[in-house]
Amino acid sequence: KLSRRGTLLDVGCYGGFFLEVAKDRGWLAFGIEPSHWAADYAKSKGLKVVSSTLNEARLSDKLFDVVAMWDVIEHLFNPKETLLEINRILKPGGILALSTHNPESLAARILGRRYPFIMRMHLYHFTPRVLKQMLGDAGFQMIKIKSNGRKFRVSYLMNRFKIRSYFIKKILSGLIKYLRLDSLKIYINFKDTYRIYAKKLEM
């Protein structure tokens with residue numbers, strides 16, 4: 001948690017949803033998004049977004065206090081090159097916040113090939129250990145790592161669970177409705193995704 005607000009760049013900002021939150025909290029927020037459609041959508045909301053990749057944007061040195069990159073690094077052809085570029089545009093002591101999925105998680109091991117993050121668009125799968133090493137090579141010191149949990153509606157979980165018995169399913173559905181639990185949200189952490197916060201080392 002930072003004690004002050006400053007300049008923030010969201011790499012791969014898509015429709016600018018994180019940028020909106022950052023802007024509302026007092027950050028001078030900018031975004032980079034290679035999808036022209038998504039970038040135009042973000043700009044239609046009054047957000048400062050450039051339709052480009054980070055390397056093509058050629059931003060100035062030491063420009064940002066924080067760079068965020070949520071669920072992006074696994075899509076990159078050259079992730080280390082991108083981390084080096086982020087290091088260049090961060091101010092001394094600046095923070096990089098990123099997230100990705102964890103191929104070593106219990107969920108990944110149980111699901112195997114059915115693990116939902118195994119898809120063609122994900123070019124790399126980073127374990128926390130490997131990503132920590134890569135960050136170090138790019139001039140960062142990891143300061144925090146945390147797994148991401150999610151909130152699920154009870155009604156959603158009921159639909160996802162494949163209960164074969166019609167009668168059991170009927171009884172559970174009736175009980176949930178009777179107790180008015182349909183919209184209740186339950187927090188679950190499968191530890192299959194995580195986020196890392198790293199600090200630019202001062203040279």
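Refer to the structure above for everything that follows.
Residues numbered from 1 in each chain as written. Predicted model: local features only at pLDDT ≥ 70, side-chain atom pairs only at ≥ 80, totals over all residues. Heavy atoms only, no water.

(A) Here's a closer look at the overall build of the protein chain. Looking only at helices and strands, the protein chain has eight helices and nine strands in total. For the protein chain, buried positions account for 37% of its 203 residues. Residue pairs in contact within the protein chain that sit at least 24 positions apart in sequence constitute 72% of those at least 6 positions apart. (Helix = DSSP H or I, 4+ residues; strand = E, 2+ residues; numbered from the N terminus. Buried < 20%, exposed > 50% of the residue type's maximum accessible area, 1.4 Å probe, protein only. Contact = heavy atoms within 4.5 Å.)

(B) A look at a nonpolar patch on the surface. Among the surface-exposed residues, Tyr14, Phe17, Trp37 and Tyr41 lie close enough to one another that they form a single nonpolar patch of about 490 Å² accessible area. For Tyr14, the position within the fold is in the loop between β1 (7-11) and α1 (17-24). (Patch = residues over 30% accessible without salt bridge, like charges linked within 9 Å, V, L, I, M, F, W, Y side chains within 5 Å. Areas by Shrake-Rupley, 256 points an atom, 1.4 Å probe, with all protein chains shown as cover. Salt bridge = Lys/Arg side-chain N within 4 Å of Asp/Glu carboxyl O.)

(C) Just the nonpolar core, in detail. With 25 residues, the main nonpolar core has Val67, Met69, Leu83, Leu96 and Leu135 as its most contacted residues. Secondary-structure elements contributing two or more residues to this core are β1, β4 (64-70), α4 (79-89), β5 (90-101), α6 (128-137) and β9 (193-200). (Core = buried A, V, L, I, M, F, W, Y, C linked by side-chain atoms within 4.5 Å.)

(D) Here's a closer look at the pairing of β5. The buried count for β5 comes to nine of twelve residues, which makes it a mostly enclosed element. Two elements, β4 and β5, share six bridges in a ladder whose sense is parallel. The residue bridging Trp70 from the neighbouring strand is Ser99, located in β5. In the classification by handedness, the crossover that spans β4, the intervening α4 and the parallel β5 is right-handed. In this structure, β5 lies alongside β9, joined through seven bridges in antiparallel fashion. Its bridge partner being in β9, Leu96 is matched across the sheet by Ala198. (Pairing = 2+ DSSP bridges. Right-handed = clockwise from strand over helix to strand, strands pointing away.)

(E) Broad picture of the pairing of strand β2 (residues 28-32). Of the pairings in the sheet, the one linking β1 to β2 comprises five bridges and is parallel in character. Across the sheet, the residue bridging to Val11 is Ile32, located in β2. Following the chain from β1 across α1 to the adjacent parallel β2, one finds a crossover that is right-handed. Note that β2 and strand β3 (residues 48-50) share three bridges and pair parallel. Paired with Phe30 across the strands is Lys48, a residue of β3. Remark: the β2/helix α2 (residues 36-43)/β3 crossover connection has right-handed handedness.

(F) Inspection of the sheet that holds β3 at higher detail. The strand order across the open sheet formed by seven strands is β3-β2-β1-β4-β5-β9-β6, and the pairing between neighbours is mixed. Each edge of the open sheet is held by one strand with a lone partner, namely β3 and β6 (140-147). Going across the sheet, the axis of each strand differs from the next one's by a mean of 20 degrees, ignoring polarity. α4 contacts β1, β4, β5, β6 and β9 of the sheet and is inclined by roughly 145 degrees relative to β5. (Axes fitted to C-alpha atoms, helices over the stretch in contact; angles between N-to-C directions.)

(G) Focus on the pattern of salt bridges. All chains considered together, the criterion is met by five salt bridges. A salt bridge links Asp61 to Arg88; its shortest N-O distance comes to 2.4 Å. In this pair, Asp61 is assigned in the loop between α3 (54-57) and β4 and Arg88 in helix α4, connecting sequence segments 27 residues apart. A salt bridge links Lys91 to Asp65; the shortest N-O distance between them is 3.5 Å. Here Asp65 lies in strand β4 and Lys91 lies in strand β5, a separation of 26 residues in the sequence. What makes Asp65 buried here is its relative accessible area of 11%. One connected set of salt bridges, linked through shared partners, spans Asp61, Glu85 and Arg88.

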